[in-house]
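Reading the structure
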Amino acid sequence: MILLPFAAVVTAILTIHTFWGQQTLHRLADASALEVNQQVAARVEARLDALFDAPGQLLDATAGAVELGLVGFDDRARLERSLVNEVRAHPWVTNLALGLDDGRYACAYRPWDDATQVMISVADGGGIISSYNVDPDGTRAGLHSAREGFEVTARPWYAAAMDRSGPAWYEPYGLFSGGGVALGMSRAVRTPDGSRGVVAVDIALDEISAFLASLALADGGVAFVMSPDGRMIADSSGRTPIEPPGLAGAEAQEVEVDARQPPTELESTATGPVTSRLVPASRSRLEAVRRIEGPVREAGGAFRGAIDGAADADIVHAGRYARDGGLELIIGVSVPRSSYGNALATEIRRGLFIAIVVGLIGLALLAVLARAITRPVRELTEAISDTGAD
């Protein structure tokens with residue numbers, strides 16, 4: 001009889017422990033995942049800050065040199081060497097261009113198939129853009145390719161600068177070569193002879209994807225950067241999320257774009273170039289991104305919580321990222337609830353097992369103690385009974 005109350009107490013404790021574990025498992029998993037996701041998102045934001053500082057600094061320096069007449073089309077060789085050497089000095093910059101209203105254009109750029117090289121492309125307003133290899137000091141060293149249909153004033157970065165009074169971030173756009181997508185800043189300038197023009201600096205989107213792919217995420221976790229209108233900028237798959245020319249929809253999700261060289265012979269484009277474009281988040285190659293992009297965008301880019309799915313829930317931290325000059329992006333990090341819930345469930349089961357073992361040991365010790373206490377009492381009772389019988 002002495003053991004019954006203790007057994008009842010132990011049983012109640014174990015029952016409460018089990019119920020508490022089941023009820024709080026999701027809450028603990030969500031809180032743990034959100035905290036880690038927020039820390040990862042902060043790392044992504046810091047990386048973007050470092051990456052996006054370069055265009056503004058290089059833009060100011062180049063625009064200043066153009067407006068002071070230190071570089072310009074009156075000395076093409078010097079201009080081209082300056083552009084090439086600046087791009088070489090900034091590993092994250094993929095294009096540095098100067099274009100004028102009269103159609104003259106010069107751009108130092110990194111080929112998509114080999115970012116260690118820098119080349120120069122030029123145009124004179126006649127609709128043909130020519131690309132050249134360069135030697136170590138930045139001087140032209142032989143024609144690489146040429147293409148028709150180019151008009152510098154029609155390029156998105158040119159129009160973006162003309163619409164603002166200062167430096168402006170422009171929407172991601174397809175490169176004229178058709179093989180990639182660029183994001184950057186541009187600024188209107190005026191040369192000493194009064195010509196109007198624009199300086200532009202692009203950065204490589206694959207640098208962002210490479211960083212996201214290097215993050216230590218939980219099993220099934222994803223990190224991504226997208227525009228407010230739902231176009232993917234980068235994701236943790238490590239591949240730049242772009243649709244090559246001529247592909248769209250689900251087909252584009254499976255394409256890894258590696259063949260991004262500009263054409264090697266003169267091409268005629270009667271209707272203009274067919275360029276690459278960013279993949280919409282709704283068609284991302286990452287299933288988790290496809291599941292969560294809608295709720296994140298509906299929340300205005302700021303979301304913190306769980307998004308329930310058919311088999312599991314996604315724990316999501318998303319926030320808006322903005323830079324002076326009009327750049328707005330969304331940074332998101334998501335992990336399956338199960339990636340944290342399973343670990344917590346294991347800990348809860350371990351705790352329950354320990355509680356059961358401790359309870360059983362306690363019962364055993366109490367049984368021994370009770371027996372030690374009750375034996376003399378029982379013997380005394382039997383002795384008194386025997387005496388009364390006499």
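Quick look at the structure, then. As the structure is a computational prediction, the values presented were derived from the model and not from experiment.

Before going further, it helps to examine the pairing of strand β4 (residues 128–134). With 5 of 7 residues buried, β4 is to be regarded as a mostly interior element. Here strand β3 (residues 119–124) runs beside β4; their pairing, made up of 4 bridges, is antiparallel. Bridge pairing in β4 links V122 to S130. Hairpin connection between β3 and β4: a loop of 3 residues separates the two successive antiparallel strands, and G125 in this loop has a positive phi of roughly 90°. Examined bridge by bridge, β4 and strand β5 (residues 140–148) share 6 bridges and lie antiparallel to one another.

Tallying each qualifying case throughout the model produces 5 aromatic pairs. Between the aromatic rings of F52 and W169, the centroid separation amounts to 5.2 Å while the plane-to-plane angle is 65°, which identifies the pairing as edge-to-face. Of this pair, F52 sits in helix α1 (residues 3–67) while W169 sits in strand β6 (residues 168–174), placing them 117 residues apart in sequence. When its relative accessible area of 1% is taken as the criterion, F52 is described as buried. Clustering of aromatic rings is evident, with ring pairs tying together Y105, F150, W157 and Y158. For the cation-ring pair, R140 lies above Y132, with the distance from its terminal atom to the ring centre recorded as 4.6 Å.

What follows deals with the pattern of salt bridges. A full pass over the atoms with the stated rule returns 16 salt bridges. Two residues, R291 and E287, come together in a salt bridge whose shortest N-O distance is 3.4 Å. Of the two residues, R291 and E287 are both situated in helix α6 (residues 287–298); the distance of 4 residues between them amounts to about one turn of the helix. Take R291: its relative accessible area is 38%, and that puts it in the partly exposed class. Between R291 and D314 there is a salt bridge whose closest N-O contact spans 2.8 Å. Of this pair, R291 sits in helix α6 while D314 sits in strand β14 (residues 313–323), and the two are 23 residues apart along the sequence. Taken together, the shared-partner salt bridges in this structure form one network comprising D49, D53 and R323.

Let us look at the sheet that holds β6. The 8 strands are arranged β5-β4-β3-β2-β1-β8-β7-β6 in an open sheet whose pairing can be described as antiparallel. Each edge of the open sheet is held by one strand with a lone partner, namely β5 and β6. Averaged over all adjacent pairs, the angle separating strand axes in this sheet is 20°, with direction ignored. Summarising the sheet, strand β2 (residues 104–109) and β3 pair through 6 bridges and their orientation is antiparallel. Residue A108 lies in a different strand from β3, and its bridge partner there is I120.

Tracing the backbone through its elements, the reader meets Y105 in strand β2. Separated by 94 residues in sequence, Y105 and V199 have C-alpha atoms that sit 10.0 Å apart.

With 14 residues, helix α2 (residues 76–89) should reach 20 Å at 1.5 Å per residue; the first-to-last C-alpha distance of 20 Å fits that figure. Those residues of α2 that fall on the buried side of the exposure criterion are L79, E80, L83, V84 and V87. Angularly, the buried residues of α2 cover 125° about the axis, an arc narrow enough to put them on a single face.

On to the nonpolar core, then. Counting 52 residues, the largest nonpolar core has F52, I208, L212 and V225 as its most contacted members. Ranked by the residues each element gives to this core, the list is headed by α1, at 11 residues. Once residues within four sequence positions are removed from consideration, F52 is found in contact with W169, L183, I203, I208, Y321, R323, L327 and L329. Counting 21 residues, the second largest nonpolar core, distinct from the first, contains C107, V152, Y173 and F176.

As a further point, take the side chain of S145. For S145, the position within the fold is in strand β5. Taking relative accessible area as the criterion, S145 reaches 6% and is therefore assigned buried. Among the polar contacts listed, one links the side chain of S145 to the side chain of H144, at a separation of 3.5 Å.

Procedures and definitions
Residues numbered from 1 in each chain as written. Predicted model: local features only at pLDDT ≥ 70, side-chain atom pairs only at ≥ 80, totals over all residues. Heavy atoms only, no water. Buried < 20%, exposed > 50% of the residue type's maximum accessible area, 1.4 Å probe, protein only. Helix = DSSP H or I, 4+ residues; strand = E, 2+ residues; numbered from the N terminus. Pairing = 2+ DSSP bridges. Phe/Tyr/Trp six-rings, centres within 6.5 Å; stacked < 30°, edge-to-face > 60°. Lys NZ or Arg CZ within 6 Å of the ring centre and 35° of its normal. Salt bridge = Lys/Arg side-chain N within 4 Å of Asp/Glu carboxyl O. Axes fitted to C-alpha atoms, helices over the stretch in contact; angles between N-to-C directions. Expected span 1.5 Å × (residues − 1). Arc of directions from axis to C-beta. Core = buried A, V, L, I, M, F, W, Y, C linked by side-chain atoms within 4.5 Å. Contact = heavy atoms within 4.5 Å. Polar contact = N/O pair within 3.5 Å; in protein donor to acceptor, adjacent residues only side chain to side chain.

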